[in-house]
Amino acid sequence: MSLSGLLVRCRSLCAFCFNILCRHRFILGVVSVGIIPCIWRFRARLRAKGEAEADAEDPQYVSRPHHDDQPSVVTEEEDTEAQDNCVVCDSLQVSIPEEQEEQEEEQEEEEQEEEEEASGRYYTVEATDPLYCEYDSTWETDGDPPQRAPHGARPPREPTHMYKFTRFQSAAKDMYNYRHDYPENEMPNLDFYLGKMASVPDDVYIHEFHRDWWGDFAKLERVHSFIQWLFPLQETGMNHEAYELTKQEIEAFCNNDKAKCNLQESYKLMLHFYGIELSNPKTGKVERASNWQERFRNLNRNTHNNLRLTRILKCLGTLGYQHYQAPLVRFFLEETLVHGNIAAVKESVLNYFLFAVLDKEQRRELVRFAYLNYEPKEEFIWCPKKMQRRFSSRKKVPSGPSNPAYPSPEEWP
């Protein structure tokens, strides 16, 4: 049979095999790795044999013996095959050390697991784990308190984990309180104000707020998760990773001079942001700062600051600065009703700020001041008509029992 006939039969056999294998894909994968390369090598040998026979029949072909001192001729196919073999060998040499390293690491992990299991720390998770949640006591050893990672020690979470983890952490906090019978012995807000922990999720300590955020109006305006830490309340806010105050924590905070001093600094920070300054820390008197015009324009543009100011007033009254409430409210009443500034704050001053003042006598005097400076009078709805008639007929209302803890209305700014 001639060489061309053999090639035709091989080609037909390959086509037949390929048609069968297309119907059985699993077999195709196995055959493509083992059988097909053998067929192609067989075809290459037949082709080389045919070329050799053709050269032998050619009269111009002269065979030359190979001598030891003459370099042998290497075909391109042989050279390619030799290079492939070298690559395979090199890859094997590289993979052997890698496999050894992997085996050693697996062995070390197994030994560590056995050691932790023997010591009762098999389920212990370090606080530096990027997905560690201090409220998830599933992995705590009995009797061990929750851990907190040192500042900056926890590696950043992957972006795909941020939103889901924040929701999980909020749920874990709720379930933790349920499992532990709603404990009151923890004081995270006091710890934050004493510099023992950072805010979440901003990861900023109290001294860093006072030092690095002072005058950074863009950040103070843009970030919405810090105000719940600087001015905590007994109610939830927009930051679900902040903590509500407890009665026990309020008492401890009011008796801690360092915490109260830091709260005063936080108050100054936000006053500066609003274009106000604390001119008398003893009485709480406030006045316009040098940048008041620019900051008042910002108050008119961004009305969410009304919510912040309400929170600040509540916090001052809760954590030992009740005497700071009335001077701040009086300031806003003068700016809105007397000077006609920051019109966007006016409704919040009358609806919220005014009634956040805990001292009743001071609150009554503030309502009187608001009524006397409000126009038109018939639209004033923040006190009964009876009191409006009395405010109109008298220059001053009779004051109640004196309270030496707070300045009298005559001493206000």
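Residues numbered from 1 in each chain as written. Predicted model: local features only at pLDDT ≥ 70, side-chain atom pairs only at ≥ 80, totals over all residues. Heavy atoms only, no water.

Chemist: Explain the packing of aromatic side chains here, please?
Modeler: To describe a pair of aromatic rings, you give the distance between the ring centres and the angle between the ring planes. Evaluated as defined, the whole model comprises 21 aromatic pairs. Taking 4.9 Å as the distance between ring centres and 40° as the angle between the ring planes, the aromatic pair formed by Y321 and Y324 counts as tilted. For Y324, a relative accessible area of 1% corresponds to the buried category. When the ring of F380 is compared with that of W382, the centres are 5.2 Å apart and the planes differ by 70°; the resulting orientation is edge-to-face. F380 gets classed as buried once you look at its relative accessible area, which sits at 2%. Over the ring of W213 we find K219; its NZ or CZ atom is 4.9 Å from the centre of that ring. Positioned over the ring face of F369 is R330, at 4.0 Å from the centre of the ring. (Phe/Tyr/Trp six-rings, centres within 6.5 Å; stacked < 30°, edge-to-face > 60°. Buried < 20%, exposed > 50% of the residue type's maximum accessible area, 1.4 Å probe, protein only. Lys NZ or Arg CZ within 6 Å of the ring centre and 35° of its normal.)

Chemist: Would you take a moment to explain the nonpolar core for this structure?
Modeler: Inside soluble globular proteins, nonpolar side chains tend to come together where they are buried. Counting 70 residues, the largest nonpolar core has F226, L230, Y267, M270, F332 and L333 as its most contacted members. Beyond its immediate stretch of four places on either side in the chain, Y267 contacts F231, L278, V286, I312, L316, Y324 and L328. (Core = buried A, V, L, I, M, F, W, Y, C linked by side-chain atoms within 4.5 Å. Contact = heavy atoms within 4.5 Å.)

Chemist: Sorry, what's going on with the pairing of strand β2 (residues 285-288) here?
Modeler: Both faces of the sheet carry side chains from a regular strand, because those side chains alternate between them. Inspection of the sheet shows strand β1 (residues 276-280) paired to β2 by four bridges, in the antiparallel sense. Pairing of I276 across the sheet is with R288, part of β2. What sits between the antiparallel neighbours β1 and β2 is a turn of four residues, in which G284 has the positive phi angle 90°. (Pairing = 2+ DSSP bridges. Helix = DSSP H or I, 4+ residues; strand = E, 2+ residues; numbered from the N terminus.)

Chemist: What is the right way to read empty space enclosed by the protein from this model?
Modeler: One way to see where empty space is left: roll a probe the size of a water molecule over the atoms. Under the criterion given, the structure shown has two cavities of 30 Å³ or more. Empty space within the largest cavity amounts to approximately 60 Å³. Lining the largest cavity are Q228, P232, L233, E235, T236, G237, N239, H240, A242, Y243, E244 and R311. Grouping the amino acids of the lining of the largest cavity by side-chain chemistry returns four nonpolar, five polar and three charged. (1 Å grid on protein atoms, 1.4 Å probe; cavity = no way out; pocket = protein on both sides within 12 Å on 5 of 7 lines; lining within 4 Å. Points joined across faces, edges and corners; volume = space filled by probe spheres on them. Nonpolar A, V, L, I, M, F, W, Y, C, P; charged D, E, K, R; others polar.)

Chemist: Looking at this structure, how should I read the side chain of D359?
Modeler: Within the fold, D359 resides in the loop between α14 (346-353) and α15 (360-372). One buried charged residue, D359, forms no salt bridge at all, with the nearest opposite charge on R363 at 7.3 Å. At 3.4 Å, the side chain of D359 and the backbone nitrogen of E361 are in polar contact. In terms of polar contacts, D359 uses its side chain to reach the backbone amide nitrogen of Q362, at 2.9 Å. (Lys, Arg positive; Asp, Glu negative; His and termini not counted. Salt bridge = Lys/Arg side-chain N within 4 Å of Asp/Glu carboxyl O. Polar contact = N/O pair within 3.5 Å; in protein donor to acceptor, adjacent residues only side chain to side chain.)

Chemist: Where do I start with the side chain of N291 in this structure?
Modeler: Looking at the secondary structure, you find N291 in the loop between β2 and α11 (292-301). Judged by relative accessible area, N291 falls into the buried class, the value being 14%. What N291 contacts, discounting residues up to four positions off in sequence, is F217, H272 and G275.

Chemist: It is not clear to me how the environment of L194 should be interpreted in this structure. Could you clarify?
Modeler: Relative to the helices and strands, L194 is located in the loop between α5 (188-193) and α6 (206-212). With eleven residues separating them along the chain, L194 and Y205 place their C-alpha atoms 9.2 Å apart. Here L194 is in contact with N256, K258 and A259, once residues within four sequence places are set aside.

Chemist: Quick question: what am I supposed to make of the confidence of the model for the protein here?
Modeler: Fine structural detail should not be taken from predicted coordinates in areas where pLDDT scores are low. Of the residues in the protein, 61% reach a pLDDT of 70 or more, and the chain-wide mean stands at 78. Considering each helix and strand of the protein separately, the mean pLDDT is smallest for helix α2 (residues 25-57), with a value of 62, and largest for helix α10 (residues 257-273), with 98. In the predicted structure, residues 60-72 sits below a pLDDT of 50 and forms three contacts with residues beyond four places in sequence or in another chain. (pLDDT = per-residue confidence, 0-100.)

Chemist: Help me out: how do you make sense of a positive patch on the surface in this one?
Modeler: Together, K385, K386, R389, R390 and R394 line one region of the surface with positive charge. Relative to the helices and strands, K385 resides in helix α16 (residues 385-393). (Patch = residues over 30% accessible without salt bridge, like charges linked within 9 Å, V, L, I, M, F, W, Y side chains within 5 Å. Areas by Shrake-Rupley, 256 points an atom, 1.4 Å probe, with all protein chains shown as cover. Charge placed at Lys NZ, Arg CZ, Asp CG, Glu CD.)

Chemist: Before we go on, may I ask you to explain the pattern of salt bridges in this structure?
Modeler: Think of it this way: side chains of opposite charge can pair up when their charged atoms draw near. Applying the stated criterion across every chain yields a total of ten salt bridges. A salt bridge links K219 to D216; the nearest nitrogen and oxygen atoms lie 4.0 Å apart. Notably, a salt bridge pairs E365 with R368, separated by 3.0 Å at the nearest N-O pair. On the criterion of helical spacing, the pair formed by E365 and R368 is a turn pair, its members being three residues apart in helix α15. The burial state of E365 is the same as that of R368; both residues are buried.

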